[in-house]
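# Structural overview
Residue strings, one per chain:
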Amino acid sequence: MACVQSNKKLGWALRGIFFNLLLLVFFKYGSLLAGFVGEALNWPFSSKENNIVLFLLHLPLPLGISFYTFEGISLIVDVLRSKDNQKGALVIDVDQKFNTHLVKSSLFIAFFPHLIAGPILKANNFYPQIQPKYFSHISWNIVFRSLVVGYFLKMVIADNLKDYTFWIAHPYYQLLSTSTGLVLLFGYSIQIFADFAGYSLIAIGTAAAFGYHLPDNFNFPYISRSVSEFWKRWHISLSTWLKDYLYIPLGGNRRGKVRTYINLMIVMILGGLWHGASLSYAVWGSYHGFGLVIERFFKNRINANFNQSRNIKQQFIFDAISMILVFCFVSLGWLLFKLPNFGQVLEFLKIMIINVGLPSNRTLTDPVIILSLPVVVYHLIHLPAFQKWKDNLFFEKSSSRVGNLCEDIILGGMIAMLFLNSGSSNEFIYFQF
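Keep in mind that this is a model prediction, so the values were computed, not measured.

Closest axis-to-axis distance for the helix α6 (residues 140-165)/helix α7 (residues 178-209) pair is 7 Å, and the angle between their directions is 155°. Between α6 and α7, the angle falls in the class roughly antiparallel. Crossing handedness for the pair α6 and α7: left-handed. When the residues that make up the contact of α6 with α7 are grouped by side-chain class, the tally is 20 nonpolar, eight polar and three charged.

General note: in soluble globular proteins, nonpolar side chains tend to be found buried as a group. In this structure, Phe70, Ile157, Tyr222, Phe230, Trp234 and Trp334 are the most contacted members of the largest nonpolar core, which totals 88 residues. The element that contributes the greatest number of residues to this core is α7, accounting for 14 residues. Excluding its chain neighbours within four sequence positions, the residues that come into contact with Trp334 are Tyr188, Ser189, Ile192, Tyr222, Phe230, Trp234 and Trp284.

In this structure, Thr165 sits in helix α6. Thr165 sits in the buried class, given a relative accessible area of 0%. In this structure the side chain of Thr165 is engaged in a polar contact, spanning 2.5 Å, whose partner is the side chain of Gln191.

Of all 12 residues in helix α9 (residues 236-247), nine are buried, a share of seventy percent or more. Taken as a whole, α9 has its buried residues at Ile236, Ser237, Leu238, Ser239, Trp241, Leu242, Tyr245, Leu246 and Tyr247.

Residues Val258, Ile262, Ile266 and Leu270 make up a contiguous nonpolar surface patch of roughly 340 Å² in combined accessible area. Its place among the elements puts Ile262 in helix α10 (residues 257-275). With relative accessibility at 43%, the residue Ile262 sits in the partly exposed group.

Positive charge collects at one region of the surface, where Lys232, Lys243, Arg296 and Lys299 lie side by side. For Lys232, the position within the fold is in helix α8 (residues 227-233).

Most of the time, phi is negative for any residue but glycine, and the peptide bond is trans. Residue Pro171 is reached from His170 by a cis peptide bond, and omega for that bond is 0°. Summarising the element assignment, Pro171 is placed in the loop between α6 and α7. At His235, a position not held by glycine, the phi torsion is positive, near 40°. Turning to its location among the elements, His235 is positioned in the loop between α8 and α9.

Reading the values: the criteria
- Residues numbered from 1 in each chain as written.
- Predicted model: local features only at pLDDT ≥ 70, side-chain atom pairs only at ≥ 80, totals over all residues.
- Heavy atoms only, no water.
- Axes fitted to C-alpha atoms, helices over the stretch in contact; angles between N-to-C directions.
- Helix = DSSP H or I, 4+ residues; strand = E, 2+ residues; numbered from the N terminus.
- Parallel < 35°, antiparallel > 145°, perpendicular 65-115°, else oblique.
- Left-handed = near helix turned anticlockwise from the far one by under 90°.
- Nonpolar A, V, L, I, M, F, W, Y, C, P; charged D, E, K, R; others polar.
- Core = buried A, V, L, I, M, F, W, Y, C linked by side-chain atoms within 4.5 Å.
- Buried < 20%, exposed > 50% of the residue type's maximum accessible area, 1.4 Å probe, protein only.
- Contact = heavy atoms within 4.5 Å.
- Polar contact = N/O pair within 3.5 Å; in protein donor to acceptor, adjacent residues only side chain to side chain.
- Patch = residues over 30% accessible without salt bridge, like charges linked within 9 Å, V, L, I, M, F, W, Y side chains within 5 Å.
- Areas by Shrake-Rupley, 256 points an atom, 1.4 Å probe, with all protein chains shown as cover.
- Salt bridge = Lys/Arg side-chain N within 4 Å of Asp/Glu carboxyl O.
- Lys, Arg positive; Asp, Glu negative; His and termini not counted.
- Charge placed at Lys NZ, Arg CZ, Asp CG, Glu CD.

What follows is the structure, given as structure tokens:
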């Protein structure tokens, strides 16, 4: 009897997962599939007989669909794991009254602060927070700091950088020198972080004002010393979702090296396609997948040969080189976001080789470097070496007061910059996903 009930629950869960995926595929990939089918069958797209194809080709994309479909799947899987008492599963208290459960589920899926661009919520983290809220429980310090830093990253850094990284777009990059193009690519890497991390902090601060705790979505990703560490620091809610609901169910790293490599590639390609129905996003996912596979293949050999023989100075140099290489690897991948047409990405790389002798355009490069400095400093002060130095420098009881005073001064400067140097408004980059 128990087996029959378990199979019945599994069947309903699979239907729910299928329904969420069907919604995602229909709205996000319907136009791509319709285009493939239409071209394969040689259908005239302008013909009135192909109304369905025309409808799919011009289907509007609902805001935030990539996020709330993943959250719907999370709800179904977490409830199933909770009911089956799976090891390590957090218990989700599902109300027996349908109306109450519907209200809670609707709040989880449609909680507005994160709805457009994340963080992606998990049911086992959010459901326990659904309870009466009181002003006395709100951490106004978190609200204030998250909103100030978030708006600063978006309005002062990202919105100003966009006016310069615009020149990476087709066909403007054809006139750029190699040095200018690379600096603008560096600027775009900073811009996409400031834009996305800024939104996440605004969402966290807004949710905190309503008494809800959202998970951190970024943990200073550009100080990562490996590709795998980058994915533990960048878009954390997506990477953990893919790990918990795709990578581990596929077998993770428990079924041998080859299967692990295949699982990594599957997860990263699907993660790339999650961003959009385009070849560039699939290539971007494959690019990071290959990075993870190659890194995993060589990592054990490098650690076994060098970890024990490196002194502190050598370790510092090794870590610095690793961070620079990972940042360059990641920044090169962002080209596939800036230039969704894969042919344009290849042309940009070709132009960077051809135009190596052209002089740098300092009217573009200097503002990009200046605007990027706050984000660079923002990352560097969270290096382990700097944190250790700071702890040694401020060892007395007054250290916390000094640290808080410095933070308050910096926040005051950010507020001033919001009024004095905000860029022209522009939608968040991740709104398109």
